[in-house]
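This is what each chain is made of:
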Amino acid sequence: MQDFNITRRHFGLLAAGAAAAVALPFTARAAGETAVAATFPGNWEDAYRTVLTPLVKEAGFDLTVAPAMAQDQLAKVMASPGNPPYDTLLMSPGQMAVAIENDLIQKIDPSKLKNWNMLDPAFQGEYGPTVTVEVNGIAYNPDLVPAPKGYRDLFENPAYEGLVSWTGFASNTGVMAYSEIAKIFGTGPTDMDAVFKLFKAHPEHLKGVVASTNHQMTLFQQGEIAVFMCSTGNVAKLKALGLKAEFVQPDTGSPAAPVNIHLTKGAKNPDAAYAYMDAAISKAAQDKLKMPPTEMFPTNKEVELTPGIEAYVKREQLASLVYPDWAAINKNRAEWIRQFDALVAG
Amino acid sequence: MKASGFPYVLPMLLLSVAFFATPLAVLVGFSFIGPDGPSLHNYARFLGDAFNYRVLVNTATLGLQTIASTTLLGIPIALFYWHSGKTARQVIIFLTLIPMLTSNVVRTFAWIVILGRQGPISETFVALGLAERPFTLMSTELGLVLAMCQIDLPLIILPLIAILSRTPVQFTEAAQVSGAGPWRILVTVLLPMMLPGLLAGWILVFASTSASFVTQAVIGGARNVYVPQLIYREVGTLFDWPMASAIAVVLLLSTGILLVAMTMISRHRRLVGHA
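Quick caveat: nothing in here was measured; it's all calculated off a predicted structure.

**Q** Can you tell me about the interface of chain A and chain B, naming the residues and giving the values?
**A** Each partner contributes to the interface: chain A provides 24 residues, whereas chain B provides 21 residues. Residues that form the side of chain A that touches chain B fall into these classes: 13 nonpolar, seven polar and four charged.

Quick look at the structure:
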């Protein structure tokens, strides 16, 4: 066998080359100002990368879309306060409250956003603009189960037995559904004992608990489950993949959550971050994001709703949607997570 | 005079201190942060909850089940390799290594298809009349062990192959000539010979399985909770890092104890004496 020989000179060159290769991405990145924007993985990530990158580029900046769930974004920013890994965060009011409490995000300067006045005042948050409103409900496969009327139906109609999937309390979609179920079966939106009791009485539902909505979408595609709690965007994505999926607004009302972009405290590239925010609320972007497979509800007043979105919700219906009390949820969430995880594990 | 080897290991030593020992010390330090200053509060909270005990036992059991299944599958494959010609050996090595070139995440998602209602396992059982209707092995411990077994199988096959390739096949012939039957050869000649490889493989498989967050979460679902998921929950959802650190230290110690026990058993003089 041939021996492996290397001279000291060659080894030195190899080491220098490796060091240069490692340093290369950083020097390349330092050349132009790049907004590092956290977005939800999957549908959001694909859409934001495709639609917003060219618009941010037109404004003279680069955009790096970094996929992370809202809770993960919080955890990562908390891990390095003052030196955040992202310039902007994408989250709902639940996580926004935690971010404000921990001094992780800052108030924005609306004068830096050209499209600010295109937003309805309800979407002009002092900590950042609302880019869409996620309307939640129930996704189902019409080939496997009938259309559910609401949450009660899922527990009482035998047609759904063994085919419903739930997530834990860490998921916003999950916690909004549980708040509604608590209202139906308990004394109010925070009466989770009633929800835990309901699951104990219907142990077949505990078998379908998984970690996240993304995981549920994979199981839905494989025909493993036929029903899960979702946003309209989840169903739009499944339909775009050619799957039989329909969205149902529960008879008790659809929980909804605005999704906002926030500027992190200590953001390294604030100008690029503002360019990204401005692009996200622009007519040009939202005209594209309202189309399948994302079908995001536009917050820019100049953007017309598509028939597909109007089938889920019209602008005048926004006020009548169910907006959870995130302060109450955040106060109890840790305990609910622990209790539910223990219940699921048996 | 023979030069000391210390300068050669110095860079590795410095890297280990900087990137392993220091973070580990920080982790241990964090675990003692209590609400009112340094204390054993997090450990008391973790060990005072029966649910957490069960999670610890589940994690250890999953590791041992995967060790058992990979060993049962790995030994015949390694012996087949030992008795094969050059081409067959290359094919076995190729088939062993090729899954390792695929991401663990991709392999895990492939198992969703295999274990699902419409997957090959369910369809074969229904076709053979062994099951009345399609069934799923997703979110079951059996499904998880099957997936882990496939994912970690190379970790036990490769050390075994490394040992057997240095051993002449004539060993078994000598045992046969001495009158030993196939089972006796396996128990008294082959297994003791393979023991160092098995030990290395067991340690790798156990460490990989007990820390395999993605596969545990995706295949095991929320019903089968293991320690890595608890740590993730504390870090990413509840933001209770001191608690997460305490759980990580408990995982480190408990798996460490099991690995030391395995090492001690395999080095027992009665076992080594056969080699």
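**Q** Any details on the nonpolar core? Residues and values, ideally.
**A** In terms of nonpolar packing, the biggest core is built from 145 residues, with A:Ala35, A:Leu52, A:Ala139, A:Val227, A:Tyr276, A:Ala280 and B:Ile247 touching the most fellow members. Per-element tally for this core: the top contributor is helix 7 (residues 141-164) of chain B, with 12 residues. When residues of this core are sorted by domain, at least three fall in each of domain 1 (29-133 + 257-311) and domain 2 (135-256 + 325-344) of chain A. For A:Ala139, the residues in contact, after removing those within four places along its chain, are A:Val227, A:Phe228, A:Cys230, A:Asn234, A:Val235, A:Ala245 and A:Phe247.

**Q** I'd like a rundown of the environment of A:Trp336, residues and numbers included.
**A** Residues and elements named next belong to chain A. The residue Trp 336 is located in helix 13 (residues 326-344) in this model. Taking the number of C-beta atoms within 10 Å as the measure of exposure, Trp 336 has 19 and is therefore partly exposed. Between the C-alpha atom of Trp 336 and that of Pro 146, which follows or precedes it by 190 residues, the distance is 31 Å. Setting aside residues up to four positions removed in sequence, Trp 336 forms contacts with Phe 169 and Met 192.

**Q** Can you explain the environment of B:Phe32? Please cite residues and give values.
**A** Residue and element names in this part refer to chain B. Of note, Phe 32 is situated in the loop between helix 1 (6-31) and strand 1 (33-34). For Phe 32, a count of 17 C-beta atoms within 10 Å gives the class partly exposed. Measuring from C-alpha to C-alpha, the distance between Phe 32 and Met 100 comes to 38 Å, with 68 residues separating the pair along the chain.

**Q** Report on the packing of helix 7 of chain B against helix 10 (residues 213-220) of chain B, specifying residues and quantitative values.
**A** Residue and element names in this part refer to chain B. Viewed as axis vectors pointing N to C, helix 7 and helix 10 meet at an angle of 145 degrees, and their least axial separation amounts to 9 Å. You can see that helix 7 and helix 10 cross each other, and the crossing is right-handed. Taking contact as the criterion, the partners of Gly 143, Leu 144, Ala 147, Met 148 and Ile 151 in helix 7 are, on helix 10, Thr 215, Gln 216, Ile 219 and Gly 220. For the contact of helix 7 with helix 10, a count of residues per class yields five nonpolar, four polar and no charged.

Definitions and cut-offs
Residues numbered from 1 in each chain as written. Chains lettered and ligands numbered in written order. Predicted model: local features only at pLDDT ≥ 70, side-chain atom pairs only at ≥ 80, totals over all residues. Contact = placed C-beta atoms within 7 Å. Nonpolar A, V, L, I, M, F, W, Y, C, P; charged D, E, K, R; others polar. Core = buried A, V, L, I, M, F, W, Y, C linked by C-beta atoms within 7 Å. Buried ≥ 20, exposed ≤ 12 C-beta atoms within 10 Å, placed from the backbone. Helix = DSSP H or I, 4+ residues; strand = E, 2+ residues; numbered from the N terminus. Domains from an automatic or database assignment. Axes fitted to C-alpha atoms, helices over the stretch in contact; angles between N-to-C directions. Left-handed = near helix turned anticlockwise from the far one by under 90°.

These values are about where atoms sit, not about what they do.
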